[in-house]
Amino acid sequence: LKRMLGSMSPSSNALWGISNIDGNTALPLKRWALAKPVIDAELSGKHTTQPGFRLIDFLSVKFVTVDEINENTGFQQRYDDRDTDVLILENPRARPKFQLFDEVMGVATVEQALAALAVIDSSKLVVENPDNAALPMPAKSGEGFNIEVIRDQPDNYEFEISAPAPAWFFIADAHYSGWNAYLDGENTRIFAAQVLGKAVFIPPGTHVLRVAFEPLSFSIGLLVSLFSLALLCLVFYRTRSRAPVQP
């Protein structure tokens, strides 16, 4: 185990099936590049945001690997082996991966979202709304919200959500082009939120929400592949049908 952890320390989360905030995309997202200095400062205890309202808390960063412990972070040590330079800490202030919010704030850009989260002192969802459309507002209703996870896969989520009042549902998972949301089978708008997550508005009542990664590039590639296969089969058939018959 020590040898394995030592050779995989940057990706040790994969050993236990734990998601990585860095993601596994071939190219880094622009929003990740903008957020990384803030996250690094929070991990080192050099950020002034109160624990519980940091970006890493909203994004459900529960475990981190660092070189040393800083008491300002409030992290708790879970694994330490100096022979392999592996130090794993737990963030007790990390929020759940799936969250409901009864406060929302709209901004136009990811830069404005970062600035808003830097001074936030409450459980508020910061939603990117570049077209400045009217955002549906949640209501404070106290208890009664319930989230049942039906499916939790990297590219496909499904939930049954009971909301006594309108609320915003947040998924602490990277958002980019290709993610779609369906509320009770009908397409609904999905927003980038908390810089590196995504959010959907939930009206009062009990609803089934499905959030799926359905990039247009994949659909186009599939159609091109099927067309090419059909063309290849046609050429093969015509070539065989024209072949001279041996006596």
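Now for a look at the structure at hand. (Residues numbered from 1 in each chain as written. Predicted model: local features only at pLDDT ≥ 70, side-chain atom pairs only at ≥ 80, totals over all residues. Heavy atoms only, no water.)

**A look at the overall build of the protein**
To keep things clear, this is the line we draw: Helix and strand definitions here come from DSSP, where helices need a minimum of 4 consecutive H or I residues and strands a minimum of 2 consecutive E residues; each element is numbered from the N-terminal end. Each residue gets one of three labels from its accessible area relative to the maximum for its type: buried under 20%, exposed over 50%, partly exposed in between, using a 1.4 Å probe on protein chains only. Contact between two residues is taken to exist if any of their heavy atoms lie within 4.5 Å; hydrogens are not considered.
Of regular secondary structure, the protein possesses five helices and 14 strands. When the 247 residues of the protein are sorted by exposure, 37% land in the buried category. Contacts in the protein between residues far apart in sequence, at least 24 positions, make up 61% of those at least 6 positions apart.

**Observations concerning unusual backbone geometry**
The backbone of D184 sits at a positive phi, close to 55°, despite the residue not being glycine. Within the secondary structure, D184 sits in the loop between β10 (179-183) and β11 (186-188). For D184, a relative accessible area of 43% corresponds to the partly exposed category. Phi angles above zero are rare outside glycine, and Q194 is one such case at about 50°.

**Some points on the packing of aromatic side chains**
Our working rule: Paired rings are identified among Phe, Tyr and Trp, the last through its six-membered ring, by centres lying within 6.5 Å, and are further divided according to the angle between planes into stacked (under 30 degrees), edge-to-face (over 60) and tilted (the rest).
Tallied over the full model, the rule gives 12 aromatic pairs. Taking 6.3 Å as the distance between ring centres and 20° as the angle between the ring planes, the aromatic pair formed by F98 and F169 counts as stacked. In this pair, F98 is assigned in strand β4 (residues 98-101) and F169 in strand β9 (residues 167-171), connecting sequence segments 71 residues apart. Centre to centre, the rings of F159 and F169 are 4.8 Å apart; their planes meet at 65°, and the pair counts as edge-to-face. One end of the pair, F159, is in strand β8 (residues 156-163); the other, F169, is in strand β9, with 10 residues separating them in the sequence. Across this residue pair, the class does not change: F159 and F169 are buried.

**Digging into the side chain of E42**
Test applied: We define a polar contact as two N or O atoms separated by no more than 3.5 Å, with the added condition that, inside protein, one atom must be a possible hydrogen donor and the other a possible acceptor, whereas residues neighbouring each other in sequence contribute only through side-chain atom pairs.
Counting through the fold element by element, E42 comes out in helix α2 (residues 30-43). Separated by 3.0 Å, the side chain of E42 and the backbone nitrogen of I56 make a polar contact. In this structure, E42 is in contact with H47, R54, L55, I56 and T73, ignoring residues within four places of it in sequence.

**Looking at a negative patch on the surface**
Spelled out, the test is: Here a patch means residues that are over 30% exposed by relative accessible area and free of salt bridges, tied together within 9 Å if like-charged and within 5 Å if nonpolar (Val, Leu, Ile, Met, Phe, Trp, Tyr). Exposure was quantified through the Shrake-Rupley algorithm and a 1.4 Å probe, taking into account, for residues, occlusion by the shown protein chains and nothing else. Salt bridge, as used here: a side-chain nitrogen of Lys or Arg that lies within 4 Å of a carboxyl oxygen of Asp or Glu. When charges are counted, Lys and Arg are positive and Asp and Glu negative, with His and the chain ends excluded. Here the site of a charge means atom NZ of a Lys, CZ of an Arg, CG of an Asp or CD of a Glu.
A surface patch of like charges, here negative, comprises D67, E68, D83 and D85. By secondary structure assignment, the location of E68 is in the loop between β1 (63-65) and β2 (76-81). The exposure class of E68 is exposed, given its relative accessible area of 62%.

**Brief notes about the nonpolar core**
Among soluble globular proteins, nonpolar side chains are generally buried collectively. Spelled out, the test is: Residue types Ala, Val, Leu, Ile, Met, Phe, Trp, Tyr and Cys, when buried and joined through side-chain atoms within 4.5 Å, form a set referred to as a nonpolar core.
Membership of the largest hydrophobic core comes to 36 residues, with the highest contact counts inside it found for L55, L125, V127, W168, F170 and V195. No other element matches helix α4 (residues 110-118), which puts five residues into this core. Non-local contacts of F170, meaning those with residues more than four positions away in its chain, are made with F58, L59, K97, F98, Q99, F101, L125, A193, Q194, G197, K198 and A199. The next biggest cluster of nonpolar side chains, apart from the first, holds 15 residues, and it includes F169, A181, L209 and V211.

**A closer look at the pairing of β8**
What counts here: Pairs of strands are assigned from DSSP output, requiring at least two bridges between the strands.
Summarising burial for β8: six of the eight residues are buried, a large majority. In this structure, the hairpin formed by strand β7 (residues 146-153) and β8 is closed by a connection of two residues. Looking at chain direction, β8 and strand β14 (residues 205-213) are connected through eight bridges and run antiparallel. What sits directly across from A163, in β14, is G205.

**Describing the side chain of R95**
With respect to the helices, strands and loops of the structure, R95 is situated in the loop between β3 (86-90) and β4. Those residues in contact with R95 that lie beyond four places of it in its chain are G52, F53, D57, F58, S60 and S123.

**Quick look at the sheet that holds β7**
Going by this rule: The angle between two axes is taken between their N-to-C directions and runs from 0 to 180 degrees, where each axis is a line fitted to C-alpha atoms and a helix contributes only its stretch in contact.
A sheet is described by the order of its strands in space; here five strands give the open sequence β7-β8-β14-β10-β11, paired in antiparallel fashion. Every interior strand has two partners, whereas the edge strands, β7 and β11, have only one. Geometrically, the sheet is characterised by an average inter-axis angle of 25° between neighbouring strands, direction not taken into account.

**Some remarks on the sheet that holds β1**
One open sheet accounts for three strands, arranged β1-β3-β2; its pairing is antiparallel. Of all strands in the sheet, those bounded by a partner on one side alone are β1 and β2. Neighbour-to-neighbour, the strand axes of this sheet turn through a mean angle of 20°, independent of strand direction. As paired elements, β1 and β3 share three bridges and run antiparallel to each other. Looking at β3, one finds that T65 is bridged to I88.

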